[in-house]
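A structural walkthrough
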Amino acid sequence: MLPQRDQTDSGSREPEVAVPRPAMASERERVPEMPDADKSPVVAIANRLPIRPGDGGWELSPGGLATALRPVMRTRSGAWVGWDGGSKGMPATLPGLRTRLLPISLSVAQVRQYYHGFANATLWPLLHDAIEKPRFERGWWRSYQDVNSAFAGAALAALSDCPGAIAWVHDYHLALVPRLLRERRPDQPIGFFLHIPWPAPEIFARVPWRQEILLGMLGADVVSFHAERYRDNFVRASASLLADVGVQVNGSTIVLPDQRQVSTTTAPISIDTAEYRRLAADPETAAQIAGLTDQFRGRSLLLGVDRLDYTKGIVERLLAVEALLERRQDLRTKVAFLQVAVPSRDNVVEYRTLRAAVEGHIGRINGKFTEPGSDVPVHYLHRSLPPEQLAAYYAVADMMLVTPLIDGMNLVAKEYVTVQHARHGSGSMILSEFTGASSELREAIPCNPFDTEGLSLRVEHALALSHSARRAAITAMARYVAAHDVHRWVARQLRDIAAAARTGGRARMDRQLVAASQPGPARSPGPPASRSRQGRRPDGVRRH
């Protein structure tokens, strides 16, 4: 169980965040005409700032979003609004980056309620198909609203300092921010990208504040997802859960009561392939490869690399390895499995329980199958790895097991094929059909991670593949990733946001001209009055 929230958090209150709240509606400001997307400043709004303390001072974080937006931060002016993680003395920028860093400080209560609570104990399991039961706490929801309001306030200040900027909001932590920005800057180009899955409407409908979240995201001009099935789920959720407030769906476009149109797109995120090719050729990586080659000589190395999270299917993967070793006694000294589990949310009881389960299975499997005088069949690292060491593991691994129960994308799969190809390797990759990457990396061996016996048979099949078949698959996948790298993803996203904002601006002008030509007093667009219900604001959003 998560720590109990403070009893004093119930009811309305001012947020405990050291940034201004968004301006009132009467203080709305118009945004200057958008320049070309490839020249526009970008104000990124994400849960965390993209830096961390390192041995030589502050450095760029290795996380997926920071890596993905590195090209933007190097080539464009703008700002990044994010939580400071409790760190003090953060720099205003980093050498080589044009982006200003705008830290937001959260109170201990907000970290517990907004972050550990609503974001990660309510939305995270819910959006991952509720594979763990989400918790719905009104105190958490109020904290989530307050923190989203604070992020929006900081973003509005940054946008005022960056004429013509694109506002790019990221992930489930900040689903309310696009609408808060839209209310204050009606013509602001805004994009929202969800980095995790979006479930079927029947699952999302469980959250009591479903309309507020959907309408929050629909404040953007473009709402984007990794995979078509996530985009389709979102569109269907909007159609079924917002119909009573006047929202309509036209294909992949969602039309709001004021006739503003929101585009929904599929935009699979990727990696910086040039950086991973560089890592593959780095002398430090080569030294690591030599050591690992000696360590696992004579055995086929199977590799798993994941954040320690219940969505990643680590327990199911271990059970599949156990089934393989049970069935094939001859492989017990010929195969080694290494699981790298990056620590995650160790202060949450569910994650501590998961870690105990993973380590318990590893101990049991090793006790069961280790032959006298031989190394254990399962190796385990519970820590982060430096990039060169991770690249070395990718290079040495004969097989990559990417088997999440559900995953928005999974960049590990793209990193593995890129390093393997750069090192002229011929590794196999088993890829869960429930990842976003499965729709792109079609040459991988697909699997259903819930079927542990079937997964073990897939591993057995992959071990028997010819060198030429493995090499052909790696080459095809690596070429696809190189042609669809993170630079292309960023360019496409910003282009789509800018284009949708221009289209929306012209449509608003047309509506204003039509309204001005009509007799009678002007009326603000909104849902029909007959739709209003007790406890709902005039804009159709319930307050709790």
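Residues numbered from 1 in each chain as written. Predicted model: local features only at pLDDT ≥ 70, side-chain atom pairs only at ≥ 80, totals over all residues. Heavy atoms only, no water.

**Regarding the overall build of the protein**
Just so we agree on the cut-off: Helix and strand assignments come from DSSP, with helices taken as H or I runs of at least 4 residues and strands as E runs of at least 2, each series counted from the N terminus. Burial classes: relative accessible area under 20% of the type maximum marks a residue as buried, over 50% as exposed, and values in between as partly exposed (1.4 Å probe, protein chains only). We call two residues in contact whenever any of their non-hydrogen atoms come within 4.5 Å of each other. In short, Shrake-Rupley with a 1.4 Å probe defines the accessible areas, and a residue's cover is counted only from the protein chains shown.
In terms of helices and strands, the protein carries 16 helices and 17 strands. By residue count, 57% of the 544 residues in the protein fall in the buried class. A separation threshold of at least 6 residues defines the contact pool for the protein, and within that pool the share at least 24 residues apart is 76%. Carbon and sulfur atoms form 51% of the exposed surface of the protein, whose accessible area is close to 22600 Å².

**With respect to helix α4 (residues 177-184)**
Burial within α4 is extensive, with seven of its eight residues counted as buried. Of all the residues in α4, the buried ones are V177, P178, R179, L180, L181, R182 and R184.

**A word on the sheet that holds strand β14 (residues 378-381)**
Backbone-to-backbone hydrogen bonds join strands into a sheet, with any given pair of strands oriented parallel or antiparallel. What counts, and what does not: At least two DSSP bridges between two strands are needed for those strands to be called paired. Note on method: axes are straight lines fitted to C-alpha atoms, helices fitted across the in-contact stretch only, with angles between N-to-C directions ranging 0 to 180 degrees.
Strands sit in the order β14-β13-β12-β15-β16-β17 across an open sheet of six strands; the sheet is parallel. Edge positions in the sheet fall to β14 and β17 (445-447), since each has one partner strand and no second. Strand-to-strand twist across the sheet, computed as the mean angle between neighbouring axes with direction ignored, equals 20°. Pairing between strand β12 (residues 300-307) and strand β13 (residues 335-342): eight bridges, direction parallel. Following the sheet pairing, L301 is matched in β13 by A336.

**Digging into the pattern of salt bridges**
To keep it simple, the criterion reads: Salt bridges, as used here, are contacts in which a Lys or Arg side-chain nitrogen is within 4 Å of a carboxyl oxygen on Asp or Glu.
Within this structure, the stated rule accounts for 26 salt bridges. With its nearest N and O atoms 3.1 Å apart, the salt bridge here joins E137 to R135. Pair check on accessibility: E137 and R135 agree, each one buried. Sharing partners across several salt bridges, the network here consists of R327, R328, D330, E453 and E460.

**Some details on the nonpolar core**
Within soluble globular proteins, side chains that are nonpolar generally end up buried alongside one another. Condition: Think of a nonpolar core as a cluster: buried Ala, Val, Leu, Ile, Met, Phe, Trp, Tyr and Cys residues, connected wherever their side-chain atoms sit within 4.5 Å.
I45, F151, L181, W198 and I213 are the most contacted members of the largest nonpolar core, which totals 98 residues. At 11 residues, the largest contribution of residues to this core is made by helix α3 (residues 138-160). In contact with I213, other than residues within four places in its own chain, are F118, L123, W141, A175, L176, W198, F204 and V207. Counting residues in each nonpolar core, the second largest holds 69 residues, with A68, A413, V481 and W489 among its members.

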